[in-house]
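Fold and geometry: a report
Each chain is listed here by its residues.
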Amino acid sequence: FRSMGGYFIMTYTPLENVYAAMRKKNGKIGYAIAYAFHFLWFRALRKIPLLDKAYFSTLLSWLDRAHLAIVKRRNRALSKAEMWGRLAFWGLDVIAESTGDDVKCIIARRLSEPNPNRIPSYYPIVRLAKVGLDGEVLRIHKVRSMYAFSEFIQNRIFQDQGLTETGKFKNDFRLTEYGKFIRRYWIDELPQLYDWLKGDIKLVGMRATSPHYLTLYPSEIYDLYVQVKPGLISPIFDEATSDFKQIAQVEYDYLKRYVKNPFKADFSCLVKTLTDILFRGVRSK
């Protein structure tokens, strides 16, 4: 698989299957306890700066050996999103995956070289590549709502699933089990206060967009987008929009208004967004 066009075949245990088996084996309370332990030990601790170094240190390696002695197998489960994302990170595209209940088999093909400038989102607070003023690529901070390495399969998700009426990706298996909740109440956006204080984004405006997602917009929107800083508080898309074209039109109208009168455009957008949230009960979908 090292050569371009080469194939790579591997097996892995999907994290989703681990939790399904855990839910089946334990009762409701037992599952909650088992899930909490698994989440903290196998997912959370190893993804917190400094603690990750302790977790993988030789000093604590005996814990992994003890776990192996008790359960008779290593914990090597990864979510489907992280597995596909890790392959994409190295230039491999999944062309087939088995549908077994336990271990799954993947066939992937080498389509590109690994990009040394790409940085995986690994920790609870992630830094994602977004397009900012003058087309400069920024690192915008968010609370993790997707599995690690998910950003590398965004184009694949779009090609396979398309978008919802609110501009999100359909059937997005990259979301963690708590991802929908923190997105619904915009908890994942809170770290962008830091980006605002840094001056990378402004308070109100079109949301900072990934390079891939920005290619979905018509050229006239792209041309205006790179002339204006992205914003922390952006227009909300709810049941009033039926497709991506309507979303793009809302954002295009905002950008045109901003170019003519920045203060008026941002103030009206801020008032409408806060009204939708506070009085109409609109939530992110």
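What counts as what
- Residues numbered from 1 in each chain as written.
- Predicted model: local features only at pLDDT ≥ 70, side-chain atom pairs only at ≥ 80, totals over all residues.
- Heavy atoms only, no water.
- Axes fitted to C-alpha atoms, helices over the stretch in contact; angles between N-to-C directions.
- Helix = DSSP H or I, 4+ residues; strand = E, 2+ residues; numbered from the N terminus.
- Parallel < 35°, antiparallel > 145°, perpendicular 65-115°, else oblique.
- Left-handed = near helix turned anticlockwise from the far one by under 90°.
- Contact = heavy atoms within 4.5 Å.
- Nonpolar A, V, L, I, M, F, W, Y, C, P; charged D, E, K, R; others polar.
- Pairing = 2+ DSSP bridges.
- pLDDT = per-residue confidence, 0-100.

Turning our attention to the packing of helix H1 (residues 15-25) against helix H2 (residues 28-44). The contact between H1 and H2 brings their axes to 9 Å, and the two run at 150 degrees. When the interaxial angle is binned, H1 and H2 end up roughly antiparallel. H1 and H2 meet at a crossing whose hand is right-handed. Of H2, the residues touching H1 (which contributes Leu15, Val18, Tyr19, Met22 and Arg23) are Tyr31, Ala34, Tyr35, His38, Phe39 and Arg43. A breakdown of the residues in the contact of H1 with H2 according to their chemical character gives eight nonpolar, one polar and two charged.

Turning next to the sheet that holds strand S2 (residues 77-78). Spatial strand order, S2-S1-S4-S3: four strands in an open sheet with mixed pairing. The sheet is open, and its two edges are formed by S2 and strand S3 (92-97), each paired on a single side. Most of the contacts of H1 go to strand S1 (residues 7-14), to which it runs at about 25 degrees, and overall it touches S1, S2 and strand S4 (104-110).

Before going further, it helps to spend a moment on the confidence of the model for the protein chain. Low-pLDDT stretches of the model should not have their predicted coordinates read in fine detail. Per-residue pLDDT for the protein chain averages 87, and the proportion of residues at 70 or more is 94%. At the low end of the mean pLDDT range in the protein chain sits helix H4 (residues 61-71), at 70; at the high end sits helix H8 (residues 192-198), at 96.

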